[in-house]
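Next come the chains, spelled out residue by residue.
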Amino acid sequence: MNIRPSDTITAATAAKPAPRFGIGNYLVCLKGILIREGLRFVNQRERFISSLVRPLLWLFIFAAGFRQVLGVSIIPPYKTYVLYEVYITPGLCGMILLFSGMQSSLSMVYDREMGNMRTLLVSPFPRWFLLVSKLLAGVAVSLAQVYVFLAVAWFWNVKAPPYGYLMVLPALFLAGLMLGALGLLLSSVIKQLENFAGVMNFVIFPMYFASSALYPLWRVQEASPLLYKICLANPFTYAVELIRFAFYGKIEWTSLAVVVAFTAIFLAGAILAYDPSRGLMTRKQDTGGNG
Amino acid sequence: MQHVDSRKDAGAIPALDVSHVSHSYGRKRALNDVSFSIAPGTFAVLLGLNGAGKTTLFSLISHLYDTRHGSIRIFGYDISRAPGEALRRLGIVFQARTLDLDLSVYQNLSYHASLHGIGSTEARRRIDEVLAAVDMSGRLHDKARSLSGGQMRRIEIARALLHRPPLLLLDEATVGLDVKSRAGILADIRRLVATEGISAFWATHLIDEVDPSDHVVVLADGNLVADARVAEVIRLTGTMSIGEAFSRLSAAAAESVP
């Protein structure tokens, strides 16, 4: 058996400083994490189908049913009356990103319970870089889901201006980063997979329903001033508005600022939580061994 | 508490140096002022009953947990101060299975290579080498899910060797395997130590995995109770075998727990 082309190891050779990682090494690491996330997604077809079915059900059934009930007045960025299906499409894109971010969080909890997470965390690259790579990989997967959804919606005659499909990409990316970072942060505090149901009830649903995804905020304000305030405090509202305006080639600056700020907060929290010297991981006993 | 220590100077740079390490989970003390070192090119066994603190110690060595009390050095590199340098010298086989079952053997190994910054061409070459080393060359494109427990372990060992670390950490690597697979994996690691100069730190609670020539480190209830060659441990405990010595040391530690 020989796994080394060179001589056997001596203490002196082992202790010699290894060449520093260059940008190329970092890119190799990022690429590896992206490919792995992509392969996992492709291998889990049910995950792909369910991620697509959920927003399509909303678009085909909910929106069709509520079209008459929930008429939408002319509000920016729209210049004319739009179908309710058109109104909720940015919200449904946000929904895909939200569920995908939480799915990615779920997979991190699963990975931690199953042990896979450790192979990532014992990499010699800095922990923050590994987490950001993992986040970017999750966002890349969710962007692919959003575009497949938009393609199906296009055939259903729910269309944005052609340039909008390109213009919306940075907005989707930023919103995906924010929601993915939130998922990352949640995964660091969720101890077991069973606790994930709580995330559905206490994070995903409130974030989605208490936002401008399904109805414009002026309508919410008319119905309940308190709910309106909650919607305004919900970062998901700003993610949806950022996407909505981007579809028409416009930047909603307040939304952009809020999304960037919350991305930074969530990501910093996640990096801190996964930092072995400061984070929560050290304080709770792992499930990986009994020794 | 009986404590056996006949450590000799292991040279200027130990493969692993654990110095006054303690760790707690809340109020529960998992490791209590543990110190020992492992000389380069040796096969050392970490013996301890379930709950003795082996996995906690491995989590500290692999930087999954931060070392808050004491220090851990891998070939001179402090795991807290220079985690990158230390982790580049460390290959780890975790107790829990860590292969991604939905991916192929190649995809699992390739992912690990990328986590060590190894490009695809070099990675492919090394994957062939390490799979040959663990006698799994024919399974490159098989899904991890289709492998037996023993084969998965071999792939995990191949993965741990992929970035050519001088120190291997194996946490109960044979747990759940049949006798033949256990013996085969243990023999492979011993051969690597003998032929490649790798140092191996093998955690187990199975006495039959200990060889008379091994350096043993015994943990009991989070305390280090022995750190010496097998023969020394037997002599100093006044027993006839390492099994008997291990039982006596563990029992003595249990009695001393308030």
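Residues numbered from 1 in each chain as written. Chains lettered and ligands numbered in written order. Predicted model: local features only at pLDDT ≥ 70, side-chain atom pairs only at ≥ 80, totals over all residues. Heavy atoms only, no water.

J.: Is there a simple way to think about the side chain of E209(B) in this case?
T.: All names here are of chain B. With respect to the helices and strands, E209 occurs in the loop between β9 (199–204) and β10 (215–220). Judged by relative accessible area, which is 3%, E209 ranks as buried. In this structure the side chain of E209 is engaged in a polar contact, spanning 3.3 Å, whose partner is the side chain of R182. Leave out the neighbours within four places in its chain, and E209 touches T174, R182, L186, R190, W202, T204 and D214. (Helix = DSSP H or I, 4+ residues; strand = E, 2+ residues; numbered from the N terminus. Buried < 20%, exposed > 50% of the residue type's maximum accessible area, 1.4 Å probe, protein only. Polar contact = N/O pair within 3.5 Å; in protein donor to acceptor, adjacent residues only side chain to side chain. Contact = heavy atoms within 4.5 Å.)

J.: Could you clarify how one ought to interpret the UniProt feature "transmembrane region" (unreviewed entry) in chain A in this entry?
T.: Residue and element names in this part refer to chain A. According to UniProt, the "transmembrane region" (unreviewed entry) feature falls on residues 56–75, 87–110, 131–156, 162–186, 198–218 and 253–274. Here residues 131–156 is 96% helix and 0% strand, with 38 Å between the C-alpha atoms at its ends. Taken end to end, residues 253–274 is 100% helix and 0% strand, and its two terminal C-alpha atoms sit 31 Å from one another. (UniProt positions renumbered as here; feature names shortened; annotations may be inferred.)

J.: Looking at this model, I keep getting lost on the sheet that holds strand β2 (residues 16–25) of chain B. Mind explaining?
T.: Residue and element names in this part refer to chain B. As summarised here, the arrangement of the four strands in space is β3-β2-β5-β6, forming an open sheet in which the pairing is antiparallel. The open sheet has two edge strands, β3 (28–38) and β6 (77–78), and neither has a second partner. Judged from the seven bridges that link them, β2 and β3 form a sheet pairing that is antiparallel. Its bridge partner lying in β3, H23 is registered against L31. Sitting on the sheet, helix α1 (residues 54–61) touches β2, β3 and β5 (69–74), and the angle it makes with β2 is about 115°. (Pairing = 2+ DSSP bridges. Axes fitted to C-alpha atoms, helices over the stretch in contact; angles between N-to-C directions.)

J.: I'm lost on unusual backbone geometry in this one. Help?
T.: Phi at N157(A) is positive, roughly 70°, even though this residue is not glycine. In this fold, N157(A) is placed in the loop between α6 (127–155) and α7 (164–189). A positive phi is found at D221(B), a non-glycine position, where the angle reads about 50°. By the secondary structure assignment, D221(B) is in the loop between β10 and β11 (223–229).

J.: I keep staring at the packing of aromatic side chains and nothing clicks. Help me out?
T.: Geometrically, a pair of aromatic rings is defined through the distance of the ring centres and the angle of the planes. All names here are of chain A. Following the criterion strictly, the structure yields 19 aromatic pairs over all chains and no others. Aromatic pair F21 and F125: ring centres 4.2 Å apart, planes at 15°, arrangement stacked. Linking F21 in the loop between α1 (11–15) and α2 (23–43) with F125 in the loop between α5 (116–121) and α6, this pair joins segments that are 104 residues apart in sequence. Between Y26 and F129, the ring centres sit 4.7 Å apart and the planes meet at 80°, which makes this aromatic pair edge-to-face. Here Y26, found in helix α2, pairs with F129, found in helix α6; they are 103 residues apart in sequence, far enough to count as distant. Here Y26 falls in the partly exposed class, since its relative accessible area comes to 24%. The class of F129 is buried, set by a relative accessible area of 11%. Through a chain of ring-to-ring contacts, the aromatic side chains of W58, F62, F205, Y208, F209 and F236 assemble into a single cluster. Across the ring face of W154, the terminal group of K159 is positioned such that the distance to the ring centre comes to 4.3 Å. (Phe/Tyr/Trp six-rings, centres within 6.5 Å; stacked < 30°, edge-to-face > 60°. Lys NZ or Arg CZ within 6 Å of the ring centre and 35° of its normal.)

J.: Looking at this model, I keep getting lost on helix α7 (residues 230–237) of chain B. Mind explaining?
T.: The α-helix winds at 3.6 residues per turn, so residues separated by three or four positions along the chain end up facing the same way. All names here are of chain B. Within α7, the full set of buried residues consists of V230, V233, I234 and T237. Around the axis of α7, the buried residues are gathered within 95° of arc, so they sit on the same side. The exposed residues of α7 that point more than 90 degrees off its buried face are A231 and R235. Taken from the residues just after α7, G238 is the one with a positive phi, measuring 65°. (Arc of directions from axis to C-beta.)

J.: In this structure, what is going on with the environment of F36(B)? I would like to understand it.
T.: For F36(B), the position within the fold is in strand β3. The spacing of F36(B) and S59(B) is 23 residues in sequence and 16 Å in space, taken between C-alpha atoms.

J.: Just checking my understanding: could you explain the UniProt feature "domain: ABC transporter" (unreviewed entry) in chain B for this structure?
T.: Here the UniProt feature "domain: ABC transporter" (unreviewed entry) sits at residues 16–246 of chain B. Across residues 16–246 of chain B, helical content stands at 36% and strand content at 27%; the span's end C-alpha atoms are separated by 22 Å.

J.: Would you mind going over the packing of α6(A) against α7(A) with me for this structure?
T.: The geometry of a pair of packed helices is captured by two quantities: the angle between their axes and the separation between those axes. Residues and elements named next belong to chain A. Two elements in contact, α6 and α7, have axes separated by 8 Å at closest approach and are oriented at 135°. In terms of orientation, α6 and α7 fall into the oblique class. α6 and α7 meet at a crossing whose hand is right-handed. Where α6 abuts α7, its residues L131, L135, L136, V139, L143, V146, Y147, L150 and W154 lie against Y165, V168, L169, L172, F173, G176, L177, G180, A181 and L184. (Parallel < 35°, antiparallel > 145°, perpendicular 65-115°, else oblique. Left-handed = near helix turned anticlockwise from the far one by under 90°.)

J.: Can you help me understand the environment of V122(A) in this one?
T.: Along the polypeptide, V122(A) turns up in the loop between α5 and α6. Classification of V122(A) by relative accessible area gives buried; the value is 10%. When residues no more than four places from it in sequence are discounted, the contact partners of V122(A) are S62(B), L64(B), L87(B), I92(B) and F94(B).

J.: I tried to follow the environment of I23(A) on my own but got confused; where do I start?
T.: Along the chain, the position of I23(A) falls in helix α2. Between the C-alpha atom of I23(A) and that of Y84(A), which follows or precedes it by 61 residues, the distance is 47 Å.

J.: Please clarify how the domain arrangement of chain B should be interpreted in this entry.
T.: The extent of an interface is frequently quoted as the accessible surface area lost upon association of the parts. All names here are of chain B. What the domain assignment lists for chain B is domain 1 (4–89 + 166–256) and domain 2 (99–164). Measuring from the centre of the C-alpha atoms in domain 1 to the corresponding centre in domain 2 gives 26 Å. Listed by partner, the interface residues are 16 residues for domain 1 and eleven residues for domain 2. For the pair domain 1 and domain 2, the summed buried surface comes to about 920 Å²; carbon and sulfur atoms form 66% of the total. (Domains from an automatic or database assignment. Buried area = accessible area lost by both parts, 1.4 Å probe.)

J.: Explain the confidence of the model for chain A here, please?
T.: Low pLDDT marks regions whose predicted coordinates should not be analysed in detail. On average, residues of chain A score 81 in pLDDT, and 84% of them reach the 70 mark or higher. Element-level mean pLDDT values for chain A span from 69 in α1(A) up to 94 in helix α11 (residues 235–246) of chain A. (pLDDT = per-residue confidence, 0-100.)

J.: Can you help me understand a nonpolar patch on the surface in this one?
T.: Among the surface-exposed residues, I49(A), V53(A), L57(A) and I61(A) lie close enough to one another that they form a single nonpolar patch of about 360 Å² accessible area. Within the fold, I49(A) resides in helix α3 (residues 45–66). (Patch = residues over 30% accessible without salt bridge, like charges linked within 9 Å, V, L, I, M, F, W, Y side chains within 5 Å. Areas by Shrake-Rupley, 256 points an atom, 1.4 Å probe, with all protein chains shown as cover. Salt bridge = Lys/Arg side-chain N within 4 Å of Asp/Glu carboxyl O.)

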